[in-house]
Amino acid sequence: MTMKMSVTDRRLWALAWPLMLTNLTVPLLGLVDTAVLGHLESPEYLGAVAVGANLFSILYWTFGFMRMGTTGLAAQAWGKRDSFSQVALLLRSVMLAVGIGLLLILCHQPLIRIGLELMNPSPGVTELAAEYAAIRIWSAPAVLCQYTLVGWLIGTQFARGPMIMLIVANGLNIVLDVFFVTVLGWNSRGVAIATVIAEYGAAIIGFMIVLQRMPDGQKLTRALFGTLADYLAILQVNRYIMVRTIALLLVLAFFTAQGARQGDTILAANAVLITFLLLISNALDGFANAAEALIGESVGKNSKKRFLVVFRCALRWSLWGALLLTILFVAGGRGLIALLTGIEEVRTTALQYLPWLWLLPFVSVWGFLFDGIFIGATRTREMQNTMLFSALGVFAPVWWLTTSWGNHGLWFSLICLMLARAASMGWLCWSYTRNDRWFSNQ
């Protein structure tokens, strides 16, 4: 018996598989850095890059709205077949990305100092991490431009573009890592320089891909640059995503900090298990990202029927993905933990909390999917409000009430956060569909 795929299924998969591959290979850069530094004479180099990379992950992902906000707006312009709006959005978003990136470079000293103080590494690691960060910050304009380019390419339904950009970044980073560290002996400084060059290389490839995707007949005119009001309109959509992202990052940081308070073994075990959460997110986000593009196109075309068809298709494949991941964790969780750590105490501790991982695919898939729906429809304020409700109204009080449960209470709180996001966003989705609000003025 074979399952016949509809046109929408095929379109969803055509967008989803390159994005899944892109998402799942994101950790490769970190693995390469670890591999080349893990064989040096001092562990401080590896620690410095780990601390510095974590700092930049938080800093840059705070501006992840440059990707998500651009996708929804680009998808709607694509659905309307409005070539002027497509080009204008790209140009204005790139200018915002460059401006924010340059501002981060100008303000990098206090940002890095505060970040390192919060992480509180050893003095030797702090010195090396500060040197690493002072170099990495120069990649800010390239990274934020990549967010914008990736968002625009997803919105205009060319998902292979981000995959090509990532292949370039990874390949260049691997070659330069080996050359700078093992040949020239530049240690953690060499890793930082390699990453900066790789980020700019990926951004250049991204611009080349985007230029080939420009609508025919659209010339560069003064009107494309727009007015201050046009830039404020982009920021208005994006500011809600920024608040939502910061709230999520704070929850994850709080989760890590509370695990650390329970000892190094709990901290390490949670770090191993959180790797599974990143796997879930990166895998299922492929369907969510594809939904962003197709939902945005439906809104741009003002097609309510198309909207529902895309939603049902994305929901169906997301649930299949969640089921597959659940089977993977139930059947192979023990082996995956053994693969990630060779420390017996950490393995034993991680196995105690493994059942929480069995629940994660099905409780988290809804949030990922609804994020894609709301981004495509540019209902970003609702994303912010549901995240704030879930973090402040559910996660925080549940954690406080279950502190006596130890690490089990911490994982239970995280599960409740996912359920709260699913319930609140699901209720809004049902309400908007029932009352025909997806296509009304926001």
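My aim in this report is to walk through the structure given alongside it, one point at a time. Just so we're clear, the structure is a prediction, and the values are computed from it rather than from any experiment.

So, the overall build of the protein chain
At step 1: Assigned secondary structure in the protein chain consists of 17 helices and zero strands.
At step 2: Taken over C-alpha atoms, the radius of gyration comes to 22 Å for the protein chain, in line with the 22 Å a tight globule of 442 residues would show.
At step 3: Residue pairs in contact within the protein chain that sit at least 24 positions apart in sequence constitute 84% of those at least 6 positions apart.
At step 4: Carbon and sulfur atoms provide 68% of the accessible area of the protein chain, an area that totals close to 20,200 Å².
At step 5: Charge centroids of the protein chain, computed over 30 positive and 21 negative side chains, lie 16 Å from each other.

Considerations on the packing of aromatic side chains
At step 1: Going through the model one piece at a time under the given rule, you end up with 15 aromatic pairs.
At step 2: Measuring from ring centre to ring centre gives 4.9 Å for Phe180 and Trp186, while their planes differ by 25°; the resulting arrangement is stacked.
At step 3: The class for Trp186 is partly exposed, based on a relative accessible area of 29%.
At step 4: On the numbers, 6.0 Å between centres and 85° between planes, the contact of Phe254 with Phe395 is edge-to-face. Of this pair, Phe254 sits in helix H12 (residues 228–261) while Phe395 sits in helix H16 (residues 380–401), and the two are 141 residues apart along the sequence.
At step 5: You can call Phe254 partly exposed: its relative accessible area is 27%.
At step 6: Cluster of aromatic residues (ring-pair linked, three or more members): Phe307, Phe374, Tyr432 and Trp438.
At step 7: Taking NZ or CZ as reference, Arg81 lies 4.9 Å from the ring centre of Trp78, over its face.

So, the nonpolar core
At step 1: One finds Leu12, Phe63, Met66, Ile373, Phe374 and Trp438 to be the most contacted residues of the largest nonpolar core, which totals 76 residues.
At step 2: By residue number, the principal contributor to this core is helix H8 (residues 140–155), which donates 10 residues.
At step 3: Among the nonpolar cores identified, the runner-up in size contains 34 residues, and Phe255, Ile266, Val272 and Leu354 belong to it.

Brief notes about the pattern of salt bridges
At step 1: Throughout the structure, instances matching the rule amount to 11 salt bridges.
At step 2: A salt bridge links Glu297 to Arg81; the shortest N-O distance between them is 3.9 Å. Here Glu297 is found in helix H13 (residues 264–301), whereas its partner Arg81 is found in the loop between helix H4 (65–79) and helix H5 (83–106), with 216 residues between them in sequence.
At step 3: On the basis of relative accessible area, Glu297 is assigned to the buried category, the value being 4%.
At step 4: One salt-bridge network, in which partners are shared between bridges, spans Arg11, Arg81, Glu297 and Lys301.

Notes on helix H15 (residues 344–376)
At step 1: Compared with the 48 Å implied by 1.5 Å per residue over 33 residues, the 45 Å span of H15 between its first and last C-alpha is a close match.
At step 2: Of all the bends in H15, the largest measures some 45° and sits at Tyr353, one to four residues before the proline Pro355.
At step 3: Just past H15, the residue Thr378 takes up positive phi, approximately 50°.

A word on the state of the cysteines
At step 1: Inspection of the entire model under this criterion finds zero disulfides.
At step 2: Considering cysteine sulfurs only, Cys429 is the nearest to Cys313, which forms no disulfide, with 15 Å between them.
At step 3: What makes Cys313 buried here is its relative accessible area of 2%.

What counts and how
Residues numbered from 1 in each chain as written. Predicted model: local features only at pLDDT ≥ 70, side-chain atom pairs only at ≥ 80, totals over all residues. Heavy atoms only, no water. Helix = DSSP H or I, 4+ residues; strand = E, 2+ residues; numbered from the N terminus. Rg over C-alpha atoms; globule rule 2.2 N^0.38 Å. Contact = heavy atoms within 4.5 Å. Areas by Shrake-Rupley, 256 points an atom, 1.4 Å probe, with all protein chains shown as cover. Lys, Arg positive; Asp, Glu negative; His and termini not counted. Charge placed at Lys NZ, Arg CZ, Asp CG, Glu CD. Phe/Tyr/Trp six-rings, centres within 6.5 Å; stacked < 30°, edge-to-face > 60°. Buried < 20%, exposed > 50% of the residue type's maximum accessible area, 1.4 Å probe, protein only. Lys NZ or Arg CZ within 6 Å of the ring centre and 35° of its normal. Core = buried A, V, L, I, M, F, W, Y, C linked by side-chain atoms within 4.5 Å. Salt bridge = Lys/Arg side-chain N within 4 Å of Asp/Glu carboxyl O. Expected span 1.5 Å × (residues − 1). Bend = angle between axes of the 7 residues up to and from the residue. Disulfide = S-S within 2.5 Å.

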